[in-house]
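For reference, the chains in residue letters:
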Amino acid sequence: MDQISIEKLVVFGNHGVYPEENALGQKFVVSITLYTDTRKAGRTDDLSCSINYGEVSQFARQFLEDNTFQLIETAAEKLAEQLLLKYSLLEQVEVKVEKPWAPIAIPVETVSVKIKRGWHKAYIALGSNMGDKKGYLDEAVEKLKQHPLCQVGKVADYIRTEPYGGVEQDWFLNSALELRTLLYPEELLSLLHKIEAEAGRERTIHWGPRTLDLDILFYDNCVIDTPDLTIPHIDLQNRDFVLIPMAQIAPYFRHPVLGQTMAQLCQLLKMNL
């Protein structure tokens, strides 16, 4: 991806763990790398097709002057987040915050924190088979839309499906959605669990009835296997209530392990049923 770099922007801020740092302030040096597609701007010579580095510089300086953080880690994190939220053409950003002559009781020219953050694409499965099923799904979609670090894209049609897993229970209403997010996988999982809990979800019977079920199907092309999280979602290739909505909103998305698209997996499952 193309890069626009801002090197060693000098900012006067009040960041530090000591009270005198917050009161008196000091100089900070900030470098920012913007990851964006500059092709159209380069072809048209039109600034509106790119990101204005002068505007970014002014925004970064104002943000770091107007806010106070104890840690330069937090200053870098919050600045990166605000830049990604403000500039729609920005896909990733690298932020380096340097603190010259940091008060650590020994001579040091500078300390710094450098981070890289960006947007991620996830696919979320939705399901409900208790109470107002459509209402629960609608509410989940709306809460994801309202979250400041999430942007909901395509939402599949709601479909009625039979229960999966052998537990006798009512029919399900299922769907899937595309999500652009700044949250890391574990953070996204926590958000989904919070939305489930707010819908009255109780985890008492495995594969049992639930007011709301939200699962991370995919997160970019990541393969994650931890005690708390498995991505891609396990056994999704055998679940029509997942593949049918996914084939609708992302037919050409390719399973990072199986190597087949959602449309292909959906067709294979139909042939084997």
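It should be noted that the structure appears before, not after, this text.
Presented here is a report on the structure given in the accompanying data block. This is a predicted model, so every value here is computed, not measured.

Definitions and limits used
- Residues numbered from 1 in each chain as written.
- Predicted model: local features only at pLDDT ≥ 70, side-chain atom pairs only at ≥ 80, totals over all residues.
- Heavy atoms only, no water.
- Phe/Tyr/Trp six-rings, centres within 6.5 Å; stacked < 30°, edge-to-face > 60°.
- Helix = DSSP H or I, 4+ residues; strand = E, 2+ residues; numbered from the N terminus.
- Buried < 20%, exposed > 50% of the residue type's maximum accessible area, 1.4 Å probe, protein only.
- Lys NZ or Arg CZ within 6 Å of the ring centre and 35° of its normal.
- Expected span 1.5 Å × (residues − 1).
- Arc of directions from axis to C-beta.
- Contact = heavy atoms within 4.5 Å.
- Axes fitted to C-alpha atoms, helices over the stretch in contact; angles between N-to-C directions.
- Parallel < 35°, antiparallel > 145°, perpendicular 65-115°, else oblique.
- Left-handed = near helix turned anticlockwise from the far one by under 90°.
- Nonpolar A, V, L, I, M, F, W, Y, C, P; charged D, E, K, R; others polar.
- Salt bridge = Lys/Arg side-chain N within 4 Å of Asp/Glu carboxyl O.
- Pairing = 2+ DSSP bridges.

### Re the packing of aromatic side chains
According to the stated counting rule, one finds five aromatic pairs in the structure shown. Both rings, one in Phe59 and one in Phe63, keep their centres 6.4 Å apart while their planes meet at 15°; by these two values the pair is stacked. On the criterion of helical spacing, the pair formed by Phe59 and Phe63 is a turn pair, its members being four residues apart in helix α3 (residues 53-66). Residue classification places Phe59 among the partly exposed residues on the basis of a relative accessible area of 22%. A relative accessible area of 13% places Phe63 in the buried class. These aromatic residues form a ring-pair network of at least three members: Phe59, Phe63, Phe69 and Tyr87. Taking NZ or CZ as reference, Lys86 lies 5.6 Å from the ring centre of Tyr87, over its face. One cation-aromatic arrangement involves Lys116 over Tyr35; the distance from NZ or CZ to the ring centre is 4.3 Å.

### Focus on helix α5 (residues 133-146)
The terminal C-alpha atoms of α5 lie 20 Å apart, and with 14 residues this matches the ideal 20 Å at 1.5 Å per residue to within 8%. Of all the positions in α5, only Lys133, Leu137, Ala140, Val141 and Leu144 are classed as buried. The arc enclosing the buried residues of α5, seen along the axis, measures out at 95°, which places them on a common side. Next to the buried residues of α5 lie β5 (120-128), β6 (150-155), β8 (172-181), α6 (185-198) and β9 (213-219).

### Digging into the packing of α3 against helix α4 (residues 72-86)
Relative orientation of the contacting elements α3 and α4 amounts to 135°, with a least axis distance of 11 Å. Accordingly, the angle class assigned to the pair α3 and α4 is oblique. Considering only the axes of α3 and α4, their crossing is right-handed. Facing α3, whose interface residues are Glu55, Val56, Phe59, Ala60, Phe63 and Leu64, α4 presents Ala75, Lys78, Leu79, Gln82, Leu83 and Lys86. Of the residues that constitute the contact of α3 with α4, the class distribution is eight nonpolar, one polar and three charged.

### Focus on the pattern of salt bridges
One pass over the structure, following the stated rule, counts ten salt bridges. Here Lys143 ties to Glu139 by a salt bridge, and the two come within 3.4 Å at their closest N and O atoms. Taken as a pair, Lys143 and Glu139 lie in helix α5 at a separation of four residues, close to a single helical turn. Between Lys194 and Glu198 there is a salt bridge, and its shortest N-O distance comes to 2.6 Å. One end of the pair, Lys194, and the other, Glu198, are both in helix α6, four residues apart, so they sit about a helical turn from each other. In this structure Lys194 comes out as partly exposed when scored by relative accessible area, which is 48%. Taking relative accessible area as the criterion, Glu198 reaches 41% and is therefore assigned partly exposed. Each of Glu139, Lys143, Lys194 and Glu198 takes part in a single network of salt bridges with overlapping partners.

### A short note on the sheet that holds strand β3 (residues 92-100)
A sheet is described by the order of its strands in space; here four strands give the open sequence β1-β2-β3-β4, paired in antiparallel fashion. Every other strand in the sheet has two partners, leaving β1 (2-13) and β4 (110-118) as the edge strands with one partner each. Along the sheet, successive strands turn relative to each other by an average axial angle of 15°, direction set aside. Bridging between β3 and β4 involves nine bridges; their strand directions are antiparallel. The residue of β4 that forms the bridge with Lys99 is Val111. This element, α3, spans β1 and β2 (26-36) of the sheet and lies at about 35° to β1. Each of β2, β3 and β4 touches α4; the most contacted strand, β4, lies at about 30° to it.

So yeah, pure geometry; function would need other evidence.
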